[in-house]
Amino acid sequence: MPALPAVKLSQSEKLQLLALARDALVAAFNPNYLAAKIPLITGRLEQLKLGCFVTLTLDGALKGCMGHIEADRPIGELVPALAHSSAFNDLRFQPLVESQLSSLRIEISLLSEMQKLEFSAQSQLQTYLEATKLGLVLSEGNKRAVFLPQVWQQLPEPKEFIEALKVKGGWDRDYWSSNMEVEVFSVTHFCEG
């Protein structure tokens with residue numbers, strides 16, 4: 001059974017969230033920028049709480065990606081914070097510089113509710129994911145790792161997808177345990193341009 005679909009947003013709400021993310025990045029280089037703008041957070045975006053990731057790409061290459069699986073604040077507050085974090089705190093990349101702003105593309109992924117599943121073997125999870133291509137969270141003890149459904153574009157084979165996620169989380173590629181928690185989710189994602 002697939003994960004619950006993420007909340008539906010109007011085109012206006014999507015544009016508001018993208019503008020909030022872009023404004024947060026512009027304001028990082030020009031602190032007076034936001035003071036001159038009218039706040040864009042309106043309606044549902046003031047209360048709606050969803051897991052979210054903000055992904056930045058520069059000329060088609062990943063520049064930063066940060067997110068929260070569970071929402072800790074309304075989406076209208078979370079998106080700008082994650083945009084800033086993606087630009088300056090993703091340790092895989094050098095921090096964003098102002099000259100890159102014009103070439104930067106912002107993508108927002110809003111997560112559905114997590115659906116917990118149980119599998120006694122990785123092969124069962126592989127079969128399930130082959131059919132669903134959902135996002136995946138693996139956790140055990142103090143280890144946790146997540147791949148958005150968009151990662152299927154780079155890792156189209158379920159075995160490869162799961163093994164890469166385990167390595168990301170600090171497990172060995174071949175590791176599997178009955179104690180590993182498996183959660184799946186879908187996303188609603190949209191981007192600039």
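Read on for an overview of the structure.

Reading guide: rules and limits
Residues numbered from 1 in each chain as written. Predicted model: local features only at pLDDT ≥ 70, side-chain atom pairs only at ≥ 80, totals over all residues. Heavy atoms only, no water. 1 Å grid on protein atoms, 1.4 Å probe; cavity = no way out; pocket = protein on both sides within 12 Å on 5 of 7 lines; lining within 4 Å. Points joined across faces, edges and corners; volume = space filled by probe spheres on them. Helix = DSSP H or I, 4+ residues; strand = E, 2+ residues; numbered from the N terminus. Nonpolar A, V, L, I, M, F, W, Y, C, P; charged D, E, K, R; others polar. Phe/Tyr/Trp six-rings, centres within 6.5 Å; stacked < 30°, edge-to-face > 60°. Buried < 20%, exposed > 50% of the residue type's maximum accessible area, 1.4 Å probe, protein only. Pairing = 2+ DSSP bridges. Salt bridge = Lys/Arg side-chain N within 4 Å of Asp/Glu carboxyl O. Axes fitted to C-alpha atoms, helices over the stretch in contact; angles between N-to-C directions. Left-handed = near helix turned anticlockwise from the far one by under 90°. Contact = heavy atoms within 4.5 Å.

Section: the layout of surface pockets
A probe as big as a water molecule, rolled over the atoms, marks out the empty space that is left. Each pocket or cavity is described by its volume, and for the largest pocket that value is around 780 Å³. Around the largest pocket sit 30 residues that line it, and Thr55, Leu62, Cys65, Leu148 and Val151 are the ones nearest its centre. Only strand S1 (52-58), strand S2 (61-68), helix H2 (75-88), strand S6 (143-147) and strand S8 (187-191) provide two or more residues apiece to the lining of the largest pocket. Here the lining of the largest pocket takes 6 residues from S2, the largest share from any one element. Residues that form the lining of the largest pocket fall into these classes: 15 nonpolar, 10 polar and 5 charged.

A closer look at the packing of aromatic side chains
In this structure the tally under the stated criterion is 4 aromatic pairs. Pairing Phe147 with Phe161 gives two aromatic rings, centres 5.3 Å apart and planes at 65 degrees, and the pair type is edge-to-face. With a gap of 14 residues between them, Phe147 in strand S6 and Phe161 in helix H4 (residues 158-169) connect regions that are remote in the sequence. Across this residue pair, the class does not change: Phe147 and Phe161 are buried. With 3.8 Å between their ring centres and 5 degrees between their planes, Trp152 and Phe161 make a pair best called stacked. A single burial state applies to Trp152 and to Phe161, both of which are buried. Through pairs of rings, three or more aromatic residues link up here, namely Phe147, Trp152 and Phe161.

What to know about unusual backbone geometry
Leaving glycine out, the prevailing phi sign among residues is negative, and the prevailing peptide bond configuration is trans. At Asp59, a residue that is not glycine, the phi angle is positive and equals roughly 50 degrees. Within the secondary structure, Asp59 is located in the loop between S1 and S2. Phi is positive for Lys133, close to 55 degrees, though the residue is something other than glycine. Structurally, the position occupied by Lys133 is in the loop between helix H3 (122-132) and strand S5 (135-140). Taking the relative accessible area as the measure of exposure, Lys133 reaches 29% and is therefore partly exposed.

Here's the deal with the pairing of S5
When a strand is regular, its side chains alternate between the sheet's two faces. Most of S5 is tucked away, with 6 of its 6 residues classed as buried. Here S5 shows two buried faces, one formed by Gly135, Val137 and Ser139 and the other by Leu136, Leu138 and Glu140. Bridge count for S5 against strand S7 (residues 181-185) is 5 bridges, and the pairing is antiparallel. Paired with Leu138 across the strands is Val182, a residue of S7.

Structural notes on the pattern of salt bridges
Opposite charge on two side chains makes pairing possible when the charged atoms of those side chains draw close. Evaluated as defined, the whole model comprises 8 salt bridges. Put simply, Glu183 and Arg144 hold a salt bridge, and the shortest N to O gap is 3.7 Å. In this pair, Glu183 is assigned in strand S7 and Arg144 in strand S6, connecting sequence segments 39 residues apart. Glu183 sits in the buried class, given a relative accessible area of 12%. Between Glu163 and Arg173 there is a salt bridge, with its nearest N and O atoms 3.5 Å apart. Separated by 10 residues along the polypeptide, Glu163 in helix H4 and Arg173 in the loop between H4 and S7 bring together distant segments of the chain. A relative accessible area of 9% places Glu163 in the buried class. Judged by relative accessible area, Arg173 falls into the partly exposed class, the value being 41%.

A look at the packing of H3 against H4
Two numbers describe a pair of packed helices, the interaxial angle and the distance between the axes. Axis separation between H3 and H4 bottoms out at 9 Å; the angle between their running directions is 120 degrees. For the pair H3 and H4, the crossing hand works out as right-handed. Here H3 contributes Gln122, Leu125, Gln126, Leu129 and Glu130 to the contact with H4, which in turn contributes Pro158, Lys159, Phe161, Ile162, Glu163 and Lys166. Tallied by class, the residues present in the contact of H3 with H4 amount to 5 nonpolar, 2 polar and 4 charged.

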